[in-house]
Structures are given as structure tokens and as C-alpha cells.
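Residue-level listing of the chains:
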Amino acid sequence: MAAKSPTTKGTTGYQEVPLQDKDNNVKKDDQVVGLKPKMTLLNGISVIVGSIIGSGIFVSPTGVLKNTGSVGLSLVVWAGCGVFSMIGAYCYAELGCMITKTGADYAYIMESFGPFLAFIRLWVECMIVRPCSQAIVALTFAVYILRPIFLTCDAPDVSVRLLAAVVICFLTFVNCWDVKWATRIQDWFTYAKLLALFIIIATGVVQIFRGHTEHFNFDNTEQDVTKVALSLYSGLFAYNGWNYLNFIIEELKNPVRDLPRAIAISCILVTVVYVLTNVAFYTTLSVAEVIGSEAVAVTFAERLYGYMAWIIPMFVAMSTFGAVNGILLTSSRLFYAGALEGQMPEVLNMIQIKRMTPTPAILFVGLLSLIYLLSSDIFALINYVGFATWLSIAVAVACLPYLRWKRPDLPRPIKVNLIFPYVYIILSVFITILPMYAEPVETGMGLLIIMTSVPVAG
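Residue positions are counted from 1 within each chain, in the order its sequence is given. With pLDDT at 70 or above as the cut-off, local features in this predicted model cover only qualifying residues; side-chain atom pairs require 80 or more to be listed or tallied, and sums for whole chains, interfaces and linings still use all residues. Only hydrogens and water are set aside when side-chain values are computed; all heavy atoms of the structure are taken into account.

Trainee: Help me get a handle on the overall build of the protein chain, residues and values and all.
Mentor: Only DSSP runs of H or I covering at least 4 residues are called helices, and only runs of E covering at least 2 are called strands; the numbering of each starts at the N terminus. Along the backbone of the protein chain there are 18 helices and 2 strands. In the protein chain, buried positions account for 60% of the 458 residues. Areas reported as accessible are Shrake-Rupley estimates using a 1.4 Å probe. Residue values count occlusion only from the protein chains shown. Surface summary for the protein chain: the accessible area is close to 18000 Å², and the carbon and sulfur share equals 66%. To sort residues, take the accessible area from a 1.4 Å probe on protein chains only and compare it with the maximum for the residue type: under 20% means buried, over 50% means exposed, and anything in between is partly exposed.

Structure (C-alpha cells):
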């Protein structure tokens, strides 16, 4: 059974629906139908870290290295992507504390530029970015979990896709059943993925002390700037998720205090871990080995861990499992927010009254992700997602200076120096325009998918 919010198109406030008993008496606040603030600072950190660290760090080293040509430049790209994400996250901290609505950048664009641009952002995120990202992570989970079974060959493509579909369906059920179950999964699998990366980093430290630094150079660095820009898509894909907590801000117990803290702690932690993990990979693997590997972490483990090499595929699978859960948990709230504004089907703003979860929205996200599993070309999917994501987020960040100008009266518990949003917007234009020359078909497809929102909005 579900209840919906009596909002109308263009409404800017998200309302809750009070339940009534048999005598038509309104029940207490804790029995009101709506998303409940149940998440602590630790839960918030685990949502961000758990959403960011998924398949990216295990898949993207190959994509980054292919387009940079050298280990030295690839490490610069990894660090640069972390700094770029931190600048964006810093801007989102002000926006999130100023506009405390579920939906994050969708809500910010709605408040700043109105329903048309907000719908384009909603369409891009809901129909492309989130389900596509979830499909990528689920496919990576399946590749890694099957790796110990298919030691001498690649797992059959059908098996990989079916297993990815099973994971998506299972986590869709968990998120429909209980938010606490979903956050517990997020917490524990976040710990597991950090443990896996710390094992890899510790191994890398040992290798450095043994003198294995021969691969750390700038030999054969790519001279084509458009190719280097394309490498940013793979790097930034690995950082994708730093803004996910903003999508469920109404479910934080103390959003003004905990949102900026969670963002700062998570982004710094992930950047350090990612750079050190890549350093660890290159203490053992050459450029050719990384480019030729579908599963870099597994290749690394097979070279160094002997009969214990199975632990890395297991931890990577746990990492990606948690990331699928994090994407699903936050994505469904965006569909929910869009439905409350009248820009998505009304059924998606319904709440399951016993579980207090946006069940129809969760089911819809899961279904879209299953459709994207029809494509198993992970790197093509990453490029589609990259173009759409960073163009859209740049528009959201542009809301910050715009609202400073148009709405100086809005409460701002955090106030960002305006140089940060301007730098972020300029860099976003760079990484969206230049790859058009390097991969015109893939970026053209991304642009075409974005433009499909225009007739729907009309």
C-alpha cells in the first residue's frame, strides 16, 4: 500500500501526507507518510564513500592510461580529478545547506533557472546517468565475482549480464523493504572496500621499499590534448558519487552540520586512497599489462598474492555490490523529487506506508538499469555517462553565483568563495568540449540523448 503527496506541478515545497486512523484522526508525526531523517554523519560518509568507490578504481586505471600514455601523467590525472571533485563538492555544500530538498542539483536548478532546465537535468540523470552507472558497476561486480571460477578464460557474456541482473534485482528488493537495511549494507560494504584498497596500498608500499619504481616515468606521454581530456572521463567516472548525499539530504538527522562534514571527509579520503592505489598498481604492473587487463586489481593480486589472490576479486565484488546499493538508494530519491514537482509520473512520488520507502521510484530505477545491461561495452557507457554528467553538474554549480546575485536573502550556513564555482564551470566546459574531437560519435550520442528531453519537456 502506498500514499502520495498532494503536490502540483511547479510546487517548490515537498509535503508529507498524514495518515488517518479508522475515526479519521490524524496520526502522530512519526506516523506521517514521508521520507524520515534516520541518517547520521557516519551513514552520510558511508553513502558518499560507498557510492564513489565502486567499479571505477578497478576499471578506470585502464581507461586513464590508454589516453595519457604514461604512468606519470595518469597519476597527475587521478590527483587532478580528485581536486576537481572536491571543488564541486565544496560548491554543493553551500547549495545543499541553502536548499535542503531531496533531489540535489535538480532542486537547485529548479530554484534558479525554472522547470525547463530542471527537467533536462532530471531527464539526463534519471534516464542516462544513474541507471547507466548502476549497470556499469553491476557488470563489474559480475566480472570480478566470476573471475575465480573462469581462471583460464573470460566468463561468458551471458553469465556476466545475468549475474549483474540478479544483483540489481536483489538490492532493489532491499531498498524497497527498509532504508535501515540499505544503509547497513552501505556501511558494511564500505568498510570492506576500504579494507581491500588498504591491502593493495600496503602491498604497494612494500614493493616501493623493495625498489620497484621502474614504471614511474613520463615516457610515451600522450601529446594530443583531446585524448588527455578524454582520460578525465575515466578518472572522473571513478569519483562519480561525491554529490549523492545531497540527493537524500532530507533523510539526514542534522543536514546543515553533517552534509559539509561528510563531503569534506569523504572526498579527501577517496582522493588519497585512489592515488595511492594507482601507485601500488604501478609498482608491479607495466603500462602494457594495465592496458591489456580487464580487471587490474585481479592481475595485480595474481602477480603478488599467489594462492591468496582470490581475496582481491572477493573484496572488489563486495566493493561494487555496495556501490550498486548506494546508487540505487540515492537515485530513487531523485525520481521521487521529480514526481513531487510534477515532472515525472505521479506514481513515482508514492511512499510505501508500512516501510516508508519510495517503492515505485526504486522499482523504476532498477528496471532502467536492467535495460542498460543490454550493452556490455563498459568504456562506451562510461563516455556516454561522462559527457552527460559533467555538463549537467556544471549547470548545477552555476546556480551558486546565480543565486548569490538573484537571491542574496537565502540563508547560507556555508558561504563559498566565488572563485571555486567559476573554476569548476570553466574546467567542466574544457572536459565536455575537447572530447568531441577525440570521440565525436560517443559524445555525439551523449548530446543526442540529452536533446531527447526537449520534446518530452515540451
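Trainee: Requested: an account of helix α7 (residues 179-209), with residues and values cited.
Mentor: Along an α-helix, residues three or four positions apart point the same way, because every turn accommodates 3.6 residues. Taking 1.5 Å per residue, 31 residues should reach 45 Å; α7 reaches 45 Å between its end C-alpha atoms and fits that length. One or two positions beyond α7, positive phi appears at G211, with a value near 95 degrees. To estimate how far a helix should extend, the number of its residues minus one is multiplied by 1.5 Å.

Trainee: Give me the nonpolar core: which residues, what numbers.
Mentor: What is meant by a nonpolar core is a set of buried Ala, Val, Leu, Ile, Met, Phe, Trp, Tyr and Cys residues, joined one to another through side-chain atoms within 4.5 Å. Core analysis: the largest hydrophobic core is formed by 134 residues, its most contacted members being W242, Y274 and W390. No other element matches the 19 residues that helix α5 (residues 115-146) contributes to this core.

Trainee: If you had to explain the packing of aromatic side chains to someone new, which residues and values would you point to?
Mentor: The aromatic pairing rule takes the rings of Phe, Tyr and Trp, using the six-membered ring of Trp, and pairs them if the centres are within 6.5 Å, calling planes under 30 degrees apart stacked, those over 60 edge-to-face and the rest tilted. For the coordinates displayed, the defined rule picks out 16 aromatic pairs. The interplanar angle of 80 degrees and the centroid separation of 5.9 Å between the aromatic rings of Y402 and W405 together place this pair among those described as edge-to-face. Taken together, the positions of Y402 and W405, both in helix α14 (residues 378-406) and 3 residues apart, correspond to about one turn of that helix. Grouped by ring-pair contacts, the aromatic residues F84, Y92, Y108, W242 and Y424 constitute a single cluster. Only when the NZ atom of a Lys or the CZ atom of an Arg is both within 6 Å of the ring centre and within 35 degrees of the ring normal do we say a charge sits over the ring. Its guanidinium or amino end placed over the ring of W405, K406 lies 4.7 Å from that ring's centre, counting from NZ or CZ.

Trainee: Can you explain the packing of helix α1 (residues 41-52) against helix α9 (residues 255-282)? Please cite residues and give values.
Mentor: Whenever a helix is involved, its axis is fitted only over the stretch in contact; in every case the axis is a line through C-alpha atoms, and angles between N-to-C directions fall within 0 to 180 degrees. Here α1 crosses α9 at 40 degrees, and the two axes come no closer than 9 Å. What the angle tells us is that α1 and α9 run oblique. Seen from above, α1 lies across α9 with right-handed handedness. In contact with L41, G44, I45, I48, V49 and I52 of α1, α9 contributes D258, R261, A262, I263, I265, S266, L269, V270 and Y274. Oblique is the label for every angle not falling under 35 degrees (roughly parallel), over 145 degrees (roughly antiparallel), or within 65 to 115 degrees (roughly perpendicular). Crossings are classed by handedness, with left-handed meaning an anticlockwise turn of the near helix from the far one by less than a right angle and right-handed meaning a clockwise turn. Between two residues, a contact is recorded if the distance between any of their heavy atoms is within 4.5 Å.

Trainee: Any chance you could break down the pattern of salt bridges for me, citing the residues and the numbers?
Mentor: We count a salt bridge whenever a side-chain nitrogen from Lys or Arg sits within 4 Å of a carboxyl oxygen from Asp or Glu. In this structure the tally under the stated criterion is 8 salt bridges. Of the charged contacts, one joins R404 and E94 as a salt bridge, the two residues approaching to 2.8 Å between their closest N and O atoms. Pair noted here: R404 is in helix α14 and E94 is in helix α3 (residues 71-98), with a separation of 310 residues, a long-range link. Given a relative accessible area of 17%, R404 falls into the buried group. The buried category is assigned to E94, whose relative accessible area is 0%. Measuring nitrogen to oxygen at the nearest pair gives 3.6 Å for the salt bridge that ties R407 to D409. For R407, a relative accessible area of 28% corresponds to the partly exposed category. Counted as one network, the salt bridges with shared partners bring together E94, R404 and R412.

Trainee: I'd like to hear about the environment of A398, residue by residue, with values.
Mentor: Considering the arrangement of structural elements, one finds A398 in helix α14. Look past the residues within four positions of A398 in its chain and what remains in contact with it is F113 and I425.

Trainee: Got a sec to walk through the side chain of S369? Specific residues and values, please.
Mentor: As for its position among the elements, S369 is in helix α13 (residues 359-372). Of the polar contacts made by the side chain of S369, one reaches the backbone oxygen of V365; its length is 3.0 Å. Not counting chain neighbours up to four residues away, the residues in contact with S369 comprise P131, Q134, A135 and I168. Within 3.5 Å is the distance limit for a polar contact, defined as a pair of N or O atoms, with the added protein rule that one can donate a hydrogen and the other accept it, and that residues adjacent in sequence qualify only through two side-chain atoms.

Trainee: Run through the packing of α7 against α9, naming residues and quoting values.
Mentor: Put simply, α7 and α9 touch, their axes get as near as 8 Å, and they point 45 degrees apart. Taken together, the axes of α7 and α9 lie oblique to each other. In the packing of α7 onto α9, the handedness of the crossing is left-handed. When α7 is examined against α9, the residues L194, L197, F198, I200, I201, G204 and I208 are found in contact with a partner set consisting of L269, V273, L276, T277, V279, A280 and F281. For this scheme, ten residues count as nonpolar: Ala, Val, Leu, Ile, Met, Phe, Trp, Tyr, Cys and Pro. Four count as charged, namely Asp, Glu, Lys and Arg, and the remainder, Gly too, count as polar. Residue composition of the contact of α7 with α9, grouped by class: 12 nonpolar, 2 polar and no charged.

Trainee: Could you give me a rundown of unusual backbone geometry, with the residues and numbers involved?
Mentor: We note that N220 has phi near 60 degrees; this positive angle belongs to a residue other than glycine. By secondary structure assignment, the location of N220 is in the loop between α7 and α8 (225-239).

Trainee: Can you explain helix α11 (residues 296-304)? Please cite residues and give values.
Mentor: Within the sequence span of α11, burial applies to V296, A297, V298, T299, F300 and A301. Looking one or two places after α11, you find G306, whose phi comes out positive at around 60 degrees.

Trainee: Explain a nonpolar patch on the surface residue by residue, including any values.
Mentor: Together, F116, L117, V395, L447, M451 and V454 line one region of the surface with nonpolar side chains, adding up to about 460 Å² of accessible area. Of all the secondary structure elements, the ones that give two or more residues to the nonpolar patch are α5 and α17 (440-451). By secondary structure assignment, the location of F116 is in helix α5. A residue is classified by how much of its surface remains accessible, and F116, at 43% relative accessible area, is partly exposed. Here a patch means residues that are over 30% exposed by relative accessible area and free of salt bridges, tied together within 9 Å if like-charged and within 5 Å if nonpolar (Val, Leu, Ile, Met, Phe, Trp, Tyr).

Trainee: Outline the side chain of R404, supporting the account with residue identities and numerical values.
Mentor: A distance of 2.4 Å separates the side chain of R404 from the backbone oxygen of V416, its partner in a polar contact. Not counting residues within four places of it along the chain, the set of residues in contact with R404 comprises E94, R412, K415, V416 and L418.

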